[in-house]
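Residue-level listing of the chains:
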Amino acid sequence: MDKKYDKIRNDYRQNPLGKKDVHQNPFEQFNKWIDRAISSGIKEPTAMSLSTVGKNLQPSSRMVLLKEIKDENFIFYTNYDSRKGHQISENHYGSLLFYWPELERQIRIEGRIEKASKEISEEYYLTRSAKRRIGAWASPQSQEIPNRKYLEDKQEEFNQKFSGNPIKKPSNWGGYTLTPYTIEFWQGRPNRLHDRLEYYLDDNDWKIRRLAP
Ligand SMILES: Cc1cc2nc3c(=O)[nH]c(=O)nc-3n(C[C@H](O)[C@H](O)[C@H](O)COP(=O)(O)O)c2cc1C
């Protein structure tokens, strides 16, 4: 059945976003906005859409969780043998998108993705609960599996295997760092005249430009 959503309208009323309202450094500005999203009680404020494009040039998006910002890199964790992992190994350029409808804000980030160091990945892996550490072993992420029982059996198999032993990180699981070269802050405003400020790198300096909505 066909459906139309053109009656859905939202009147944006948040505060204006001008160059004088923002930090010169986009990471400071990002921290300000994500802290606001977290303190406003939004569900999954750190969830972001990650888009990647492999060598077949077909873009692919999925949600992942931002776990940390370190040395001006956005870090998330996943399975290196997943679909995204293969795409990233074929093409290191990717993008991230946060959308917080309650705040009428989106943040759009483009940059280069690399594997995080083994030390960073191991340190984070050890902060995860035992169940989640086993989960990383049990799921051959993005591969076809026969049924749900297959996963549950795998989980049980690794529970047994690691019973009484430290659960070490699978070698195909870890972090990725996205090093941005553009970060856009978008604030909804009335009558579709939204505010967009884009930070871009100019000779290693962050500059800010206003884009038309
Ligand atoms: C809110 C949300 C957060 C997610 N966070 C992660 C994550 O941090 N890492 C991850 O590998 N998958 C995460 N997933 C699952 C991914 O969206 C996706 O299904 C999985 O990574 C496989 O993607 P791929 O086949 O494109 O590699 C999350 C899903 C949702 C809805």
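Everything numeric in this text was worked out from a predicted model, so none of it was measured.

Our focus in this paragraph is the overall build of the chain. The number of helices and strands found in the chain is 5 helices and 9 strands. For the chain, the succession of helices and strands along the chain, N to C, is α-β-β-β-β-α-β-β-α-α-α-β-β-β. Each principal axis of the C-alpha atoms in the chain carries an extent, and together these give about 60 × 50 × 40 Å. Here the chain holds 213 residues, and the buried ones make up 23% of them.

Here strand β7 (residues 173–187) lies mainly inside the structure; 11 of its 15 residues are buried. As judged from the 6 bridges shared by strand β4 (residues 73–79) and β7, these two strands associate in the antiparallel manner. Looking at β7, one finds that Phe76 is bridged to Tyr176. Pairing analysis gives 11 bridges linking strand β6 (residues 105–115) to β7, with the strands arranged antiparallel. Bridging from a neighbouring strand, Ile109 pairs with Ile183 of β7.

This next bit is on the nonpolar core. Grouped together as the largest cluster of nonpolar side chains are 21 residues, with contacts concentrated most on Leu96, Ile107, Ile109, Tyr176, Leu178, Ile183 and Phe185. Only α1 (26–39), β1 (47–53), β4, β5 (93–100), β6, β7 and β8 (195–202) provide two or more residues apiece to this core. With sequence-adjacent residues up to four places away left out, Ile109 is seen in contact with Phe74, Ser95, Leu96, Leu178, Pro180 and Ile183. Counting residues in hydrophobic clusters, the runner-up holds 5 residues, among them Ala136, Trp137, Ile167 and Trp173.

The local shell around the ligand holds 16 residues, among which Thr78, Ser82, Arg83, Lys84 and Ser142 are the closest. Of all the elements in the fold, those that place two or more residues in the shell around the ligand are β2 (59–65), β4 and α2 (83–90). Element by element, the count of residues in the shell around the ligand is highest for β2, at 5 residues. When grouped by side-chain class, the residues that make up the shell around the ligand number 6 nonpolar, 6 polar and 4 charged.

This part covers the domain arrangement of the chain. Where interface size is given, it is often the accessible area lost as the parts come together that is meant. Taken domain by domain, the chain consists of domain 1 (19–126 + 172–210) and domain 2 (128–168). Between domain 1 and domain 2, the contact holds 6 residues from the first and 5 residues from the second. Looking at side-chain class alone, the side of domain 1 that touches domain 2 contains 2 nonpolar, 2 polar and 2 charged residues.

For the rest of this paragraph, the subject is the pairing of β1. The alternating pattern of β1 places Met48, Leu50 and Thr52 on a buried face and Ala47, Ser49, Ser51 and Val53 on a face that is not buried. Two strands pair when backbone bridges link them, and β1 and β2 are joined in this way by 7 bridges, in the antiparallel orientation. Looking at β2, one finds that Ser49 is bridged to Met63. In this antiparallel pair of consecutive strands, β1 and β2, the connection spans 5 residues, and Leu57 shows a positive phi of 65°. Strand direction decides the pairing type here: β1 and β5, joined by 4 bridges, are antiparallel. Paired with Thr52 across the strands is Gly94, a residue of β5.

Cut-offs applied
- For every chain, the first residue of the written sequence is number 1, and numbering continues from 1 along that sequence.
- Where totals are concerned, whole chains, interfaces and linings use all residues; where local detail is concerned, this predicted model gives features only for residues with pLDDT of at least 70, and gives and counts side-chain atom pairs only at 80 or more.
- By the criteria applied, helices consist of DSSP H or I runs no shorter than four residues and strands consist of E runs no shorter than two, each listed in order from the N terminus.
- Buried, partly exposed and exposed are defined by the number of other C-beta atoms within 10 Å of a residue's own C-beta, namely 20 or more, between the two limits, and 12 or fewer respectively, with C-beta atoms placed from the backbone.
- Pairing between strands requires that DSSP locate at least two bridges from one strand to the other.
- Take the buried Ala, Val, Leu, Ile, Met, Phe, Trp, Tyr and Cys residues, join any whose C-beta atoms are within 7 Å, and the set you get is a nonpolar core.
- Contact criterion: two residues are in contact if their C-beta atoms, reconstructed from the backbone, are within 7 Å.
- To decide whether a residue is near a molecule or strand, its C-beta atom is placed from the backbone and checked for lying within 6 Å of it.
- Charged residues are taken to be Asp, Glu, Lys and Arg, nonpolar residues to be Ala, Val, Leu, Ile, Met, Phe, Trp, Tyr, Cys and Pro, and polar residues to be all remaining types, Gly included.
- Where each domain starts and ends comes from a domain assignment, either automatic or drawn from a database.

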